[in-house]
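One-letter residues, chain by chain:
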Amino acid sequence: QNMRKILGYRKFNSKKGTPVCLVAYQEDFSDYDKEHSEELGGSKITSAMVFGDDGKVFNKDCIGKELQGFVGFSNGSTIIQNPVIK
């Protein structure tokens with residue numbers, strides 16, 4: 001399992017007024033990344049969107065902790081549903 005370490009977050013309201021939390025996390029490169037790279041080192045930084053009440057789990061205490069949840073894609077953005085912080 002890919003460990004996602006939370007680096008930071010930013011909360012704001014979308015144009016429609018929906019709460020959005022943009023979460024930045026560090027993770028290992030995927031098997032796909034490894035298979036489709038000429039060279040690879042270190043880890044990658046990913047930003048994901050969390051919508052609505054799901055964003056309430058993020059606060060200053062979550063920095064450096066592990067992020068779990070269902071990762072999906074919507075309109076070209078990475079999204080996380082049912083986020084859990086360990």
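The following paragraphs examine the structure supplied in this document. Keep in mind that this is a model prediction, so the values were computed, not measured.

Before going further, it helps to examine the environment of Asp 54. Secondary-structure assignment places Asp 54 in the loop between β3 (44-51) and β4 (67-74). Separated by 26 residues in sequence, Asp 54 and Ile 80 place their C-alpha atoms 8.8 Å apart. The residues contacting Asp 54, other than those within four sequence positions of it, are Ile 80, Gln 81, Asn 82 and Pro 83. A polar side-chain atom of Asp 54 sits 3.2 Å from the main-chain amide nitrogen of Asn 82.

The next thing to look at is unusual backbone geometry. Not every positive phi belongs to a glycine, and Asn 75 is a case in point at roughly 50°. Looking at where Asn 75 falls in the secondary structure, it is placed in the loop between β4 and β5 (77-85).

Relative to the assigned elements, Glu 27 resides in strand β2 (residues 19-27). Here the side chain of Glu 27 touches Thr 46 through a polar contact of 2.6 Å, side chain to side chain. Among residues more than four places away in sequence, those in contact with Glu 27 are Asn 2, Met 3, Arg 4, Ser 43, Lys 44 and Thr 46.

Moving on to the pairing of β2. When strand β1 (residues 5-13) meets β2, the two strands line up antiparallel, connected through 8 bridges. In the strand pairing of β2, Lys 11 is matched with Cys 21. Relative to β3, β2 runs antiparallel, the two sharing 8 bridges. By the bridge assignment, Glu 27 is partnered in β3 with Lys 44.

Rules used throughout
Residues numbered from 1 in each chain as written. Predicted model: local features only at pLDDT ≥ 70, side-chain atom pairs only at ≥ 80, totals over all residues. Heavy atoms only, no water. Helix = DSSP H or I, 4+ residues; strand = E, 2+ residues; numbered from the N terminus. Contact = heavy atoms within 4.5 Å. Polar contact = N/O pair within 3.5 Å; in protein donor to acceptor, adjacent residues only side chain to side chain. Pairing = 2+ DSSP bridges.

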